[in-house]
Amino acid sequence: MDDKHDGRMTKEGIRLHERADFAGMHKAGRLAAIILDEITDHVYPGQTTAEIDRIITEKVMAAGAESATIGYRGYQHASCISVNHVVCHGIPGPKVLKSGDILNIDVTVIVDGWFGDTSRMYVAGELPRKAERLIQVTYDSLMLGIEAARPGNTFGDIGHAIQSYVESQRMSVVRDFCGHGLGRVFHAPPNVLHYGRAGQGPRLEEGMFFTIEPMVNLGRPETKVLGDDWTAVTRDKSLSAQFEHSIGVTADGCEIFTSSPAGRFHPTWA
């Protein structure tokens, strides 16, 4: 989809949106977050990832929205569902969840031309202790990255905040995938790395829209993509977790477009 929306650009090709554009992103982000709230009760041992995706597809259609992923580069599902050692881009299918499985569900919707992109972690049945700690560290790293997202800081500050915290917890940050700009397009500059040096990279400016979506592994950071050309897994088969918010930079900080209206963004909400 081409971005024909008028607006200013930085020298790095990053679009600076107008204040009025924030409303469109909040609306799209809210729908994506509501769908992920409502899917919580459908994640349990014995459930299949295909059925979860079917329910998500129905909810997108019922809201009068579009799925950004159906038809994207040949992809045919309304979600990516990544279980245990799958880092990202897991394809829904006949896999049956068992107790103790952790999974990331990633949904992107299009509402009035604006893209709402978010993902969060879920657990089927009882949450194992080591998985609970991984999920908490990943969530905390996302929130630290968001805290660093303010005018005058750099994208390196965001990456450094995430990386330094994760590594202090003896875990690793995936380098092969990153966050991205969005708005009236699914993917646009900048690439938002979840590692880096403080003070490096483009400076953040009011009106930038992008995702922060750290992927954190219990083991080493290396990944590999399976033969389906989508599914990315940890090379050492260690558990992986991810959280994703879409945000917009404001005059003095940022706004999260994809906050959970039901307070279910973290899987231990209950």
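Residues numbered from 1 in each chain as written. Predicted model: local features only at pLDDT ≥ 70, side-chain atom pairs only at ≥ 80, totals over all residues. Heavy atoms only, no water.

**Examining the overall build of the protein chain**
In terms of helices and strands, the protein chain carries four helices and 17 strands. For 270 residues, the compact-globule formula gives about 18 Å, and the C-alpha radius of gyration of the protein chain, at 17 Å, lands near that figure. When the backbone C-alpha atoms are referred to their principal axes, the protein chain occupies close to 50 × 45 × 35 Å. Counting only residues that meet the buried cut, the protein chain has 54% of its 270 residues in that class. A fraction of 70% describes how many contacts in the protein chain between residues 6 or more apart in sequence connect residues 24 or more apart. In the structure as shown, the protein chain presents an accessible area of about 11500 Å², 50% of it carried by carbon and sulfur atoms. One way to put it: in the protein chain the 27 positive side-chain charges average out to a point 5 Å from where the 34 negative ones average out. (Helix = DSSP H or I, 4+ residues; strand = E, 2+ residues; numbered from the N terminus. Rg over C-alpha atoms; globule rule 2.2 N^0.38 Å. Buried < 20%, exposed > 50% of the residue type's maximum accessible area, 1.4 Å probe, protein only. Contact = heavy atoms within 4.5 Å. Areas by Shrake-Rupley, 256 points an atom, 1.4 Å probe, with all protein chains shown as cover. Lys, Arg positive; Asp, Glu negative; His and termini not counted. Charge placed at Lys NZ, Arg CZ, Asp CG, Glu CD.)

**Describing helix H4 (residues 155–168)**
Given a rise of 1.5 Å per residue, 14 residues ought to cover 20 Å, and the 20 Å separating the end C-alpha atoms of H4 matches this to within 8%. Those residues of H4 that fall on the buried side of the exposure criterion are Phe155, Gly156, Asp157, Ile158, Gly159, Ala161, Ile162, Gln163 and Val166. Two or three places before glycine 156, at the opening of H4, threonine 154 has a side-chain oxygen 3.2 Å from that residue's backbone nitrogen. (Expected span 1.5 Å × (residues − 1). Polar contact = N/O pair within 3.5 Å; in protein donor to acceptor, adjacent residues only side chain to side chain.)

**Comments concerning the pairing of strand S10 (residues 188–192)**
As paired strands, strand S9 (residues 179–181) and S10 are joined by three bridges and run antiparallel to one another. Within S10, the position partnered with glycine 179 by the bridge is valine 192. (Pairing = 2+ DSSP bridges.)

**Observations regarding the UniProt feature "binding site: substrate" (unreviewed entry) in the protein chain**
In the numbering adopted here, UniProt assigns the feature "binding site: substrate" (unreviewed entry) to His89 and His187. Those annotated residues that line the largest pocket are His89 and His187. Its relative accessible area of 27% is what places histidine 89 among the partly exposed residues. The residues touching histidine 89, leaving out its near neighbours within four places in the chain, are Cys80, Ser82, Phe177, Trp230 and Thr231. Within the fold, histidine 187 resides in the loop between S9 and S10. The contact partners of histidine 187, leaving out residues within four places of it in the chain, are Tyr72, His180 and Gly181. Among the polar contacts made by the side chain of histidine 187, one reaches the side chain of tyrosine 72 at a distance of 3.1 Å. (UniProt positions renumbered as here; feature names shortened; annotations may be inferred. 1 Å grid on protein atoms, 1.4 Å probe; cavity = no way out; pocket = protein on both sides within 12 Å on 5 of 7 lines; lining within 4 Å.)

**Overview of the sheet that holds strand S13 (residues 223–225)**
Spatially, S5-S14-S13 is the arrangement adopted by the three strands of the open sheet, whose pairing is antiparallel. The open sheet has two edge strands with one neighbour each: strand S5 (86–88) and S13. Pairs of neighbouring strands in the sheet enclose a mean axial angle of 40°, with direction left out of account. Sheet topology places S5 next to strand S14 (residues 232–234); two bridges connect them, and they run antiparallel. Bridging across to S14, cysteine 88 finds its partner in alanine 232. (Axes fitted to C-alpha atoms, helices over the stretch in contact; angles between N-to-C directions.)

**Regarding the state of the cysteines**
With the rule as written, the count across this model stands at zero disulfides. Here cysteine 80 stays unpaired: no disulfide links it, and the sulfur of cysteine 88, its closest cysteine neighbor, is 7.9 Å away. With a relative accessible area of 10%, cysteine 80 lands in the buried category. A disulfide-free cysteine, cysteine 254 has its sulfur positioned 18 Å from the sulfur of cysteine 178, the nearest such atom. (Disulfide = S-S within 2.5 Å.)

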